[in-house]
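Examining the three-dimensional arrangement
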Protein chains: 2
Amino acid sequence: MTTQYTGSPEDADLARADSLAREIFSDVANKWALLIIEFLGDGTLRFNELRNMVEGISHKMLTQNLRMLERNGLVERTVHPTVPPRVEYTLTEAGRGLRATVDTMCGWTRRYIGHIEASRRRFDT
Amino acid sequence: MTTQYTGSPEDADLARADSLAREIFSDVANKWALLIIEFLGDGTLRFNELRNMVEGISHKMLTQNLRMLERNGLVERTVHPTVPPRVEYTLTEAGRGLRATVDTMCGWTRRYIGHIEASRRRFDT
DNA sequence: CGGAATCCCAAAGGATACTG
DNA sequence: CAGTATCCTTTGGGATTCCG
């Protein structure tokens, strides 16, 4: 993800993989996506259940992010053809892999929340 | 970060910590911040060095994110009062802690890049 | 109920110019 | 060189409405 290229022919592939990695990173490294992944956890949630848990997210943002996560194969979407429709979301293996790192990030927040709060107060003067 | 409140008096503090955690999460969970942290690594970089490494970032976004990271105590900024000025950025302990989780995330990307690419092709039809 | 589409505003973000 | 300020464009994202 931080590679340097010398211009040799097989570098083309590496450069392609690199820009793909950056694209994936950009998709995934945003708060809504990460919060959705975190709340989904090991369970299965319906659209409006997710909407209630990820507080502050709008209908539109939720669909948008769910589509994106589905497209990248992090979330599986299963539609039960009942009426009214019932749509359930769950993490794929890849999604659970990412979830593990989000967990770490949440742990980090808990660990340093004091430092951060203090640092903010110092800075805001 | 995902707590439920019953309304008891001491819940006020917990709720405050929670919303603070969400705030921090929102600050930090964006691609520019995470890329800056990743590139900073264990080293020390100047403004324009960072600018060249985090490709695609604008002057404005870089300053903005560096200020934010400094405010949260993740990045330390040292100014050498020479002419022309020399400003160096380095991760604090908290910053290095977060960097570890960003590393994990980069590892995750490398691991699943194939799955993701395939999933995208399937989806885009 | 889940989602697509529309409209519309506010915020993000780029380009440029100016300062110590 | 690093940073602030200004301007201007593009995007994000909320509210609403309609469809299966």
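Sequence positions are assigned chain by chain, starting from 1 and proceeding in written order. Throughout, the order in which chains and ligands are written sets their labels, letters from A for the former and numbers from 1 for the latter. The predicted nature of this model means local features are confined to residues of pLDDT at least 70 and side-chain atom pairs, given and counted, to a pLDDT of 80 or more, with totals for whole chains, interfaces and linings taken over all residues. Only hydrogens and water are set aside; all other atoms, that is, all heavy atoms of the structure, feed into the side-chain values.

1. Section: the overall build of chain A
Per the convention used, a helix needs a DSSP run of H or I reaching at least four residues, while a strand needs a run of E reaching at least two, with both numbered from the N terminus. A count of helical and extended segments in chain A gives five helices and three strands. In chain A, the succession of α and β elements from N to C terminus is α-α-β-α-α-β-β-α. The quantity called the radius of gyration is restricted to C-alpha atoms. Its globule counterpart is 2.2 Å times the number of residues to the power 0.38. For 125 residues, the compact-globule estimate of 2.2 N^0.38 gives 14 Å, and the C-alpha radius of gyration of chain A, at 19 Å, exceeds that figure by more than 25%. The C-alpha extent of chain A, read off along each of the three principal axes, is 60 × 50 × 25 Å. For every residue, the accessible area (1.4 Å probe, protein chains only) is compared with the maximum for its type, and the residue is labelled buried under 20%, exposed over 50%, or partly exposed between those bounds. Within chain A, the proportion of its 125 residues that are buried is 43%. Residue pairs at least 24 apart in sequence account for 47% of intrachain contacts in chain A once pairs closer than 6 positions are excluded. Accessible surface for chain A amounts to roughly 6,800 Å². Of this, 52% is attributable to carbon and sulfur atoms. By the convention used here, residues are in contact when the closest approach between their heavy atoms is within 4.5 Å. Each accessible area is a Shrake-Rupley result for a 1.4 Å probe, and residues are judged covered by the shown protein chains and nothing else.

2. What about the protein's contact with DNA strand D?
Here a residue is near a molecule or strand as soon as one of its heavy atoms is found within 4 Å of it. The environment of DNA strand D is made up of 15 residues, and the closest members are S58 and K60 of chain A together with N48, R77 and Y89 of chain B. We call two N or O atoms a polar contact when they sit within 3.5 Å, provided that within protein one can donate a hydrogen and the other can accept it, with sequence-adjacent residues counted only if both atoms are side-chain atoms. A distance of 3.0 Å separates a phosphate oxygen of DNA strand D from a polar atom in the side chain of R67 of chain B. At a separation of 2.7 Å, a phosphate oxygen of DNA strand D approaches a polar side-chain atom of R77 of chain B. Elements with a minimum of two residues in the surface near DNA strand D: α4 (59–71) of chain A together with α3 (47–53), α4 (59–71) and β3 (86–91) of chain B. No other element matches the three residues that α4 of chain B contributes to the surface near DNA strand D. Gly counts as polar in this scheme, as do all residues outside two lists: the nonpolar Ala, Val, Leu, Ile, Met, Phe, Trp, Tyr, Cys and Pro, and the charged Asp, Glu, Lys and Arg. Grouping the constituent residues of the surface near DNA strand D by class yields seven nonpolar, three polar and five charged.

3. Points about the sheet that holds strand β2 (residues 75–80) of chain A
All names here are of chain A. Two strands are said to pair when DSSP picks up at least two bridges between them. The three strands are arranged β1-β3-β2 in an open sheet whose pairing can be described as antiparallel. Because the sheet does not close on itself, it has two edges, and the strands there are β1 (44–46) and β2. Neighbour to neighbour, the strand axes of the sheet diverge by 30 degrees on average, direction disregarded. Helix axes use the C-alpha atoms of the stretch in contact, all axes being lines fitted to C-alpha atoms, and the angles between their N-to-C directions lie in the range 0 to 180 degrees. Sheet strands in contact with α4 are β2 and β3 (86–91), and its direction is about 110 degrees off that of β2.

4. A word on the UniProt feature "domain: HTH hxlR-type" (unreviewed entry) in chain A
Per the UniProt entry, the sites bearing "domain: HTH hxlR-type" (unreviewed entry) are residues 17–117 of chain A in this numbering. Taken as a whole, residues 17–117 of chain A contains 66% helix and 15% strand, while its terminal C-alpha atoms sit 39 Å from one another. UniProt positions are given in the numbering used here, feature names are shortened, and annotations may be inferred rather than shown by experiment.

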